[in-house]
Amino acid sequence: MLAMAPGEKIKAKIKKNLPVRGPQAPTIKELMRWYCLNTNTHGCRRIVVSRGRLRRLLWILFTLTAVALIFWQCALLMASFYTVSVSIKVHFQKLDFPAVTICNINPYKYSVVRDLLADLEQETRVALKTLYGFPENTSRKRREAESWNSAWEGTRPKFLKLVPLMAFGQDETGKARDFLTGRKRKFNGRIIHKASDAMHVHASKEVVGFQLCSNDTSHCALYTFSSGVNAIQEWYKLHYMNIMAQVPLEKKINMSYSAEELLVTCLFDGVSCDARNFTLFHHPMYGNCYTFNNRENETILSTSMGGSEYGLQVILYINEEEYNPFLVSSSGAKVIVHRQDEYPFIEDVGTEIEPAMATSIGMHLTESFKLSEPYSQCTEDGSDVPISNIYNAAYSLQICLHSCFQTKMVEKCGCAQYNQPLPPAANYCNYQQHPNWMYCYYELHQAFVREELGCQAVCREACSFKEWTLTTSLAQWPSMVSEKWLLPVLTWDQGQQIKKKLNKTDLAKLLIFYKDLNQRSIMESPANSIEMLLSNFGGQLGLWMSCSVVCVIEIIEVFFIDSFSIIARHQWQKAKEWWARRHAPPGPQGQDNPGLDVDNDLPTFTSALRLPPAPGTQVPGTPPPRYNTLRLERAFSDQLTDTQVPAES
C-alpha cells in the first residue's frame, strides 16, 4: 500500500474528526436532524428548532396529524381514481331525420296464400268446432255428447297428428283428451303452462295445449295455455312457419303487399313523395316492409323545422279483407324508428298504427356515448364479442342475442328458426327434414329465457347508440264530415291499384315528426384522470404541509435514497470487517501486530512504549550520551588557538 502524502493525511484526520452532516451523515439520526433543519416542510423544522418540550411535543403532534390526514386523503383519491366513475355531459344540437320502417300487420294477402294454408285452415276450423262448437250454436252438454270422431269424417288430418292438440281438466292429472281421436289417454311428460304466473283472470275448468316430442319420442312435453285462443294461435303459428319456410323468397315477396298498394299518399317536409322513396325490406313474420330515408342514394334527408307539418305524413292502405283470420287477430300497421345502419326489430319494439285513426308520433332523440373498459363492459363495434353477426346491420345488443340463439338453434336442432336470418350453410326448419324440430325449439327457448345458453353473459351493450323517445297521440280519421269527400277522392287516386271503394277502416294515417330540432347527447368521460389525481395530491400536500413538488423530491431523496445509502454503507463495513476477521492469520506479524496503531506515520516515543516486548529477548539499557557529539563543526578552516580542545587520552 502506498503511503499518503502529509497533506492528504492531515485532510483525512480533519475529515475523520469533524462531524459529517447532510446526505453523507454516518447515522440516520444525523440525517434526520439535517433534513429537519434544511427542509421546506415547516412542521419538521419546528420540531428541531423549537425550545421547550411542550412546544416540541405539540409540533410533533401537529406534524404527525398532518401526515395522517395526507395519507387518508390520498387513499380516498386513489380509491376514487380506481372506481372508474364517469361524468356526463348533456348538450343539444340539430340532427337528421331517422329511418322509418312501416309494415302491415298481416304479412301476406290471404287470397294469394290461402291455397298453401288450406289444409291447416281446415284442421284449425274443425278443432275450433270440436272444442267450442263453431259455427253451430249447440250447447256444451250436446257437444260433449257427440262423438269426437264425427268431426274428422272425410278428412285426413296431418297437422294434428304431428302436433296433437289436447284438452284436460284441472282436476284430472296424468290424463288428457286428444282432439284427433276424442279419447282420453295417459300422459307422462312434463306440463309447461305458458300463461303468466303474475295474474289469472279466472280459473278455467279445462285447459288446452299441444304436445311436442323429441326425435326418439322418449321425451315429450305438453304446452298448455289458460285460453283456448292463445293455444290455437300458437299451434297455428308453428305450422304456418313450417309451411312458409319452404316457400322461396321471391314468391313470398310477390304474395305480400307492394309499396304502391301499402302507401296511398306520402308527404315529407312539405314536399310530395311516393313509393320510390321507400326501400323494400322483407320480414319473415310481417312480409314486405318499406323503409323511408334508408340512405339508398348515400344521402340522409333532414327536416327544416320541428312540428307535425315538417315530418313524414303517409296514408296507409290496410285492406282488412285480405287478413289471415288465424294468424293475426288485430288490424293495422306497425312502424319503427331506427338508424339507417340498424336492423328494424319490428316485432320487438314496433308501434302499432290503428285503422280509421290518425296516429301522430312526436320524436325526441337521445344519443348516448359510453366509455368502454375499464369503465363499462360495452363494446365499440361487436368485434370483441364471440358471437357471429348474422344480420346485415350494425352491432346491437338485440342483434347479438338473436344471433346467439339462432346459432344455438342450428347447433342443437340442426336447422334455423324461421323468424330470424339464416346463418351460413344452414336451412330453415321444416317437417320433411326435421320432423320434431318444434320440441327442440321450445326446449331451447326455455333455456334461453332461463339464461342457461350463456347468450346474456356473452352479449354486451354497444358503447354508442341512438334512442328515439316517442310520444303517440290518436285522433279519429277521417272525421264524419270529411269522409264524404275524402274517401271518394282517395278511391279515385288509387283506382289502378285498388279495385274497390275504400272504407275508413281500410285506411290509417301516420305522422312522424320531431317535436323540436334539438338532440340530447349523453357523453361519458372519466371522472378522474392522471392530471386530476396529481393535482389533488398537490393540493393535499400544499394544504396540510405547505409542500411542493420540490419538497416531494427532497423527501424521496432523503428518506429513500440517502437513508438506503447509509444503511448500505453500514452493512458493507460490517461485511468487510467480518471478511477480514475470517481470513486474518492466527498470530500478529509485522504491521499486523494489534499493538501498533494503524498509521503510516513513524512511531512516536509513546507509541513505541505500547509495543509488546519480543519474546525471549532482553531489552538493552539506555547508553550514556556522548557529549562530543554536541560539538559544533568548524566554520572556518583555521580555528583560534584558545578554542581548541585537547584530544582525549
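Residues numbered from 1 in each chain as written. Predicted model: local features only at pLDDT ≥ 70, side-chain atom pairs only at ≥ 80, totals over all residues. Heavy atoms only, no water.

1. Examining the sheet that holds strand β15 (residues 351–353)
Inference 1: One open sheet holds the five strands; their spatial order is β11-β12-β2-β14-β15, and the pairing between them is antiparallel. Each end of this open sheet is capped by a strand with a single partner; those strands are β11 (278–283) and β15. Neighbour to neighbour, the strand axes of the sheet diverge by 30 degrees on average, direction disregarded.
Inference 2: Bridge analysis of strand β14 (residues 333–338) against β15 gives three bridges, and the strand direction is antiparallel. Residue Lys 334 lies in a different strand from β15, and its bridge partner there is Glu 352. (Pairing = 2+ DSSP bridges. Helix = DSSP H or I, 4+ residues; strand = E, 2+ residues; numbered from the N terminus. Axes fitted to C-alpha atoms, helices over the stretch in contact; angles between N-to-C directions.)

2. Side note on the UniProt feature "transmembrane region" (unreviewed entry) in the protein
Inference 1: Listed under "transmembrane region" (unreviewed entry) in the UniProt record, and renumbered for this structure, are residues 57–82.
Inference 2: Counting secondary structure, residues 57–82 comes out at 100% helix and 0% strand; the distance between its end C-alpha atoms is 38 Å. (UniProt positions renumbered as here; feature names shortened; annotations may be inferred.)

3. With respect to the nonpolar core
Inference 1: Membership of the largest hydrophobic core comes to 102 residues, with the highest contact counts inside it found for Phe 97, Ile 102, Phe 210 and Trp 437.
Inference 2: For Phe 210, the residues in contact, after removing those within four places along its chain, are Val 163, Pro 164, Leu 165, Ala 221, Leu 222, Tyr 223, Phe 225, Ala 231, Glu 234, Trp 235, Leu 238 and Tyr 442.
Inference 3: Ranked by size, the runner-up nonpolar core spans ten residues in total, among them Ala 358, Leu 486, Leu 490 and Leu 502. (Core = buried A, V, L, I, M, F, W, Y, C linked by side-chain atoms within 4.5 Å. Buried < 20%, exposed > 50% of the residue type's maximum accessible area, 1.4 Å probe, protein only. Contact = heavy atoms within 4.5 Å.)

4. A closer look at the pattern of salt bridges
Inference 1: Going through the model one piece at a time under the given rule, you end up with nine salt bridges.
Inference 2: One salt bridge connects Glu 261 with Lys 109, and the closest N-O pair in it is separated by 3.4 Å. Linking Glu 261 in helix α11 (residues 259–262) with Lys 109 in the loop between β2 (99–104) and α5 (110–113), this pair joins segments that are 152 residues apart in sequence. Per residue, the accessibility class of Glu 261 equals that of Lys 109, and both read buried.
Inference 3: Asp 384 serves as the salt-bridge partner of Arg 460, at 2.5 Å between the closest nitrogen and oxygen. Of the two residues, Arg 460 is situated in the loop between α15 (455–458) and β17 (464–476) and Asp 384 in the loop between β16 (357–369) and α13 (397–413); the sequence distance between them amounts to 76 residues.
Inference 4: For Arg 460, a relative accessible area of 14% puts it in the buried group.
Inference 5: Taken together, the shared-partner salt bridges connect Arg 114, Glu 121 and Arg 125 into one network. (Salt bridge = Lys/Arg side-chain N within 4 Å of Asp/Glu carboxyl O.)

5. A few points about the packing of helix α6 (residues 118–132) against helix α9 (residues 228–244)
Inference 1: Axis separation between α6 and α9 bottoms out at 11 Å; the angle between their running directions is 165 degrees. Here α6 lies roughly antiparallel to α9, going by the angle between them. As α6 packs across α9, the resulting crossing turns out to be right-handed. Two secondary-structure elements touch here, α6 through Leu 120, Glu 123, Thr 124, Leu 128 and Tyr 132 and α9 through Gly 228, Val 229, Ile 232, Trp 235, Tyr 236, His 239, Tyr 240 and Ile 243.
Inference 2: Across the contact of α6 with α9, the residue classes break down as nine nonpolar, three polar and one charged. (Parallel < 35°, antiparallel > 145°, perpendicular 65-115°, else oblique. Left-handed = near helix turned anticlockwise from the far one by under 90°. Nonpolar A, V, L, I, M, F, W, Y, C, P; charged D, E, K, R; others polar.)

6. A few points about helix α16 (residues 483–493)
Inference 1: Listed as buried for α16 are Leu 486, Leu 487, Leu 490 and Thr 491. The buried residues of α16 occupy an angular sector of 130 degrees when projected down its axis, which confines them to one face. Opposite the buried face of α16, at more than 90 degrees from it, the exposed residues are Lys 484, Trp 485 and Trp 492.
Inference 2: On the buried face of α16, the contacting elements are β9 (263–268), β13 (312–317) and β18 (507–514). (Arc of directions from axis to C-beta.)

7. Brief notes about the confidence of the model for the protein
Parts of the prediction with low pLDDT should not have their coordinates interpreted in detail.
Inference 1: Residues with a pLDDT of 70 or more make up 72% of the protein, whose mean pLDDT is 78.
Inference 2: Note on residues 136–152: pLDDT is under 50 here. Beyond four places in sequence and across chains, it has 25 contacts. (pLDDT = per-residue confidence, 0-100.)

8. Comments concerning helix α14 (residues 437–449)
Inference 1: With 13 residues, α14 extends 18 Å between its outermost C-alpha atoms, agreeing within 8% with the 18 Å of an ideal straight helix rising 1.5 Å per residue.
Inference 2: Here α14 lies mainly inside the structure; ten of its 13 residues are buried.
Inference 3: For α14, every residue scored as buried is listed here: Trp 437, Met 438, Tyr 439, Cys 440, Tyr 441, Tyr 442, Leu 444, Gln 446, Ala 447 and Phe 448.
Inference 4: Two residues or fewer past α14, Glu 451 is found with a positive phi of approximately 60 degrees. (Expected span 1.5 Å × (residues − 1).)

9. What about the packing of aromatic side chains?
Aromatic ring pairs are described here by two measures, namely the spacing of the ring centres and the angle between the planes.
Inference 1: On inspection of all chains with the given rule, the structure shows 20 aromatic pairs.
Inference 2: Taken together, a centroid distance of 5.9 Å and an interplanar angle of 70 degrees make the contact between Phe 210 and Tyr 442 edge-to-face. On the criterion of sequence distance, the pair formed by Phe 210 in strand β7 (residues 206–213) and Tyr 442 in helix α14 is long-range, its members being 232 residues apart. Here Phe 210 matches Tyr 442 in class, with each residue buried.
Inference 3: Consider the rings of Phe 281 and Tyr 343, whose centres lie 5.4 Å apart with planes at 85 degrees: the pair is edge-to-face. Note that Phe 281 is positioned in strand β11 and Tyr 343 in the loop between β14 and α12 (346–349), a separation of 62 residues in sequence. (Phe/Tyr/Trp six-rings, centres within 6.5 Å; stacked < 30°, edge-to-face > 60°.)

10. Topic: the state of the cysteines
Inference 1: Under the counting rule described, the total for this entry stands at seven disulfides.
Inference 2: Between Cys 415 and Cys 429 runs a disulfide, and the two sulfur atoms are separated by 1.8 Å. What sets the handedness of the Cys 415 and Cys 429 disulfide is the S-S torsion sign, and at about 95 degrees it is right-handed. Placement of Cys 415 in the loop between α13 and α14 and of Cys 429 in the loop between α13 and α14 is noted, with a sequence separation of 14 residues between them. Taken individually, Cys 415 and Cys 429 each receive the classification buried, so the pair is uniform in this respect. (Disulfide = S-S within 2.5 Å.)

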